[in-house]
Amino acid sequence: MTMYHVSIIMASSSDVCQACSREFRDRAGKFLKKVICAKCKKQYHTTCVGLDQKSSGELARKNNEPWHCAGCRRLSVGQNVRPKSVGDQASPTPQQISSQLSSISSQLNQIKNAAAVCKDGDSLGEDFSSKIESIISDIEEIKSTIAAQNEKITELENAHIELKSENVKLKEEIKSTKISVELDKQKKLEGNLIVSGLPATDDLNPIDIYQNLCIELNIDGALSASVPKLKLVAAANKNSIQENVLYMSNLSVALQSDILNKYKQGKREKTYIRSADLVANGDSKSIYINESLTGYFQLLFKKARDLRRSGVVKYVWIKEGRLNVRVDDKSKIYQIKHSDDFQRFK
């Protein structure tokens, strides 16, 4: 039987419905509509399996698949083949189930009242009425259980929402604490500069490099007279080329500002300082001067420069330990404190 979903037949046999054990004709002898399972061939009243005349007709026109009873559908669950059925497109909600049970309970009450009309002493009528009463009681108990479970689900959903909210707050608190700690670390590097791009040789003298740098930048003698703490460190750049990096710490605010300003002015004027200007065995490659950054802000600085290279932002710079980004000449200046701050540029 392959008419979609419902093979509704005007019954003419004496077979009974597998759900209610009643025949397929009413008291007046009128034939009742039935549906046959395409797998087990058992027959059911359309009303007993939730198929009224309207829904079966509409669904039969929309699709072209056989209908299967609940028993055959359950048997198919573990076989990765689940026959479709009318009303099987979406799982019913607890409220829908409760409403359906109320409808069934109402119909059973009507049947029970009809049974009560039987003559006194009719054992069949009394037994039938008692069974109906028992079924109605079971239905009410099921409805009560569904209502209790629905309340529990609502409580769990509310608890889940509350936990998600608390999780968001906790993440924000962790983020805020992280930023505060990293800003404090960066603040301790105030007055520190790094000079990169120096040749990778062992005979470099940090003091000579510093003094030559002051001469190239025309730093005031009074400012450069007090030599800061200097340290040469061998390092590898992004191309794995070895170089020396000069760390200058404990610079006065005025000296640090003077060095950075004149270095940046030279870059704007394209009068670059070469490593050969600072050391005897240097080459023609430019040296770079930047504020010293913690590892945390170095990573943020790298991300910001990647955005600049890709054209997303136009300006990226460090000033007084703060990482600043600007999209174009007219946009506002954004201070970057966390990787989340880059979301605004996507």
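Just above sits the structure.
Given the structure is predicted, the values throughout are model-derived calculations rather than measurements.

Thoughts on the overall build of the chain
Then step 1. Of regular secondary structure, the chain possesses 8 helices and 10 strands.
Then step 2. Counting the 346 residues in the chain, one finds 30% classified as buried.
Then step 3. For the chain, the accessible surface area stands at approximately 22,600 Å², while carbon and sulfur atoms represent 51% of it.

Thoughts on the nonpolar core
Then step 1. Ranked by internal contacts, the top residues of the largest apolar core, which has 23 residues, are Leu213, Leu217, Met248, Leu278 and Ile289.
Then step 2. Among the secondary structure elements, those contributing two or more residues to this core are β4 (193–198), α5 (206–216), β6 (242–249) and α7 (253–268).
Then step 3. With residues near it in sequence (within four places) discarded, isoleucine 289 still touches Leu193, Ile194, Val195, Leu213, Leu217, Ile259, Leu260 and Tyr263.
Then step 4. Core analysis: the next-biggest nonpolar cluster, separate from the first, contains 16 residues, Phe297, Leu307, Ile318 and Ile336 among them.

Regarding the state of the cysteines
Then step 1. Within this structure, the stated rule accounts for 0 disulfides.
Then step 2. Residue cysteine 69 stays outside any disulfide, its sulfur separated by 3.6 Å from that of cysteine 72, the closest cysteine.

Here we look at the side chain of aspartate 341
Then step 1. The topology assignment puts aspartate 341 in the segment after β10 (333–336).
Then step 2. Buried charge without a partner: aspartate 341 forms no salt bridge, and the closest opposite charge is lysine 175, 4.7 Å away.
Then step 3. A polar atom in the side chain of aspartate 341 sits 2.7 Å from the backbone nitrogen of lysine 337.
Then step 4. Among all residues touching aspartate 341, those that are not within four sequence positions of it are Gln335 and Ile336.

Description of the environment of aspartate 328
Then step 1. Counting through the fold element by element, aspartate 328 comes out in the loop between β9 (322–326) and β10.
Then step 2. Considering only alpha carbons, one finds aspartate 328 and valine 312, 16 residues apart in sequence, at a separation of 9.3 Å.
Then step 3. Sequence-distant contacts of aspartate 328, defined by excluding residues within four places in its chain, comprise Lys314 and Tyr315.
Then step 4. Among the polar contacts made by the side chain of aspartate 328, one reaches the main-chain amide nitrogen of lysine 330 at a distance of 2.9 Å.

A word on the side chain of histidine 338
Then step 1. Structurally, histidine 338 is set in the segment after β10.
Then step 2. The class of histidine 338 is buried, set by a relative accessible area of 15%.
Then step 3. Here the side chain of histidine 338 touches aspartate 340 through a polar contact of 3.0 Å, landing on its backbone nitrogen.
Then step 4. Setting aside residues no more than four positions away along its own chain, histidine 338 makes contact with Lys175, Ile179, Tyr296 and Leu300.

Section: α7
Structurally, the α-helix is built with 3.6 residues per turn, so residues lying three or four positions apart point the same way.
Then step 1. The end-to-end C-alpha distance of α7 is 22 Å, a good match for the 22 Å that 16 residues give at a rise of 1.5 Å each.
Then step 2. For α7, the complete set of buried residues consists of Leu255, Gln256, Asp258, Ile259, Leu260, Tyr263 and Gly266.
Then step 3. Of the residues trailing α7, lysine 270 is marked for its positive phi of about 60 degrees.

Considering the sheet that holds β6
Then step 1. Within the open sheet, the 4 strands sit side by side as β5-β6-β4-β7. Their pairing is antiparallel. Looking at which strands have only one partner, the edges of the open sheet turn out to be β5 (229–236) and β7 (288–291). The average undirected angle you get between the axes of adjacent strands in this sheet is 25 degrees.
Then step 2. With 8 bridges connecting them, β5 and β6 associate as antiparallel partners. Counterpart to lysine 229 in the pairing with β6 is serine 249.
Then step 3. Of the strands in this sheet, β4, β5, β6 and β7 are in contact with α5, which crosses β5 at around 100 degrees.
Then step 4. Its contacts with the sheet place α7 against β4 and β7, and it is angled at close to 135 degrees to β7.

Some thoughts on a positive patch on the surface
Then step 1. On the surface, Lys264, Lys267, Arg268, Arg308 and Lys319 cluster together into a positively charged patch.
Then step 2. With 3 residues, the top contributor of residues to the positive patch is α7.

A closer look at the packing of aromatic side chains
Then step 1. Tallied over the full model, the rule gives 3 aromatic pairs.
Then step 2. Judged by centre distance (5.1 Å) and plane angle (90 degrees), the rings of tyrosine 296 and phenylalanine 297 are edge-to-face. In terms of burial, tyrosine 296 and phenylalanine 297 fall into one category: buried.
Then step 3. Aromatic side chains tyrosine 334 and phenylalanine 345 sit 5.5 Å apart centroid to centroid with 80 degrees between the ring planes, which places their arrangement in the edge-to-face category. Taken together, the residues span a long stretch of sequence, with tyrosine 334 in strand β10 and phenylalanine 345 in the segment after β10 at a distance of 11 residues.

Points about the sheet that holds strand β8 (residues 315–319)
Then step 1. Ordered by their spatial adjacency, 3 strands build an open sheet running β8-β9-β10, and the pairing between neighbours is antiparallel. With one partner strand each, in any of the chains shown, β8 and β10 form the two edges of the open sheet. Averaged over all pairs of adjacent strands, the angle between their axes in this sheet comes to 30 degrees, without regard to strand direction.
Then step 2. Pairing of β8 with β9, which is carried by 5 bridges, proceeds in the antiparallel orientation. Following the sheet pairing, tryptophan 317 is matched in β9 by asparagine 324.
Then step 3. The sheet strands contacting helix α8 (residues 295–309) are β8, β9 and β10, and the helix crosses β8 at an angle near 155 degrees.

Basis of the calculations
Residues numbered from 1 in each chain as written. Predicted model: local features only at pLDDT ≥ 70, side-chain atom pairs only at ≥ 80, totals over all residues. Heavy atoms only, no water. Helix = DSSP H or I, 4+ residues; strand = E, 2+ residues; numbered from the N terminus. Buried < 20%, exposed > 50% of the residue type's maximum accessible area, 1.4 Å probe, protein only. Areas by Shrake-Rupley, 256 points an atom, 1.4 Å probe, with all protein chains shown as cover. Core = buried A, V, L, I, M, F, W, Y, C linked by side-chain atoms within 4.5 Å. Contact = heavy atoms within 4.5 Å. Disulfide = S-S within 2.5 Å. Lys, Arg positive; Asp, Glu negative; His and termini not counted. Salt bridge = Lys/Arg side-chain N within 4 Å of Asp/Glu carboxyl O. Polar contact = N/O pair within 3.5 Å; in protein donor to acceptor, adjacent residues only side chain to side chain. Expected span 1.5 Å × (residues − 1). Pairing = 2+ DSSP bridges. Axes fitted to C-alpha atoms, helices over the stretch in contact; angles between N-to-C directions. Patch = residues over 30% accessible without salt bridge, like charges linked within 9 Å, V, L, I, M, F, W, Y side chains within 5 Å. Charge placed at Lys NZ, Arg CZ, Asp CG, Glu CD. Phe/Tyr/Trp six-rings, centres within 6.5 Å; stacked < 30°, edge-to-face > 60°.

In short, the description is geometric, and any link to function would need to be established separately.
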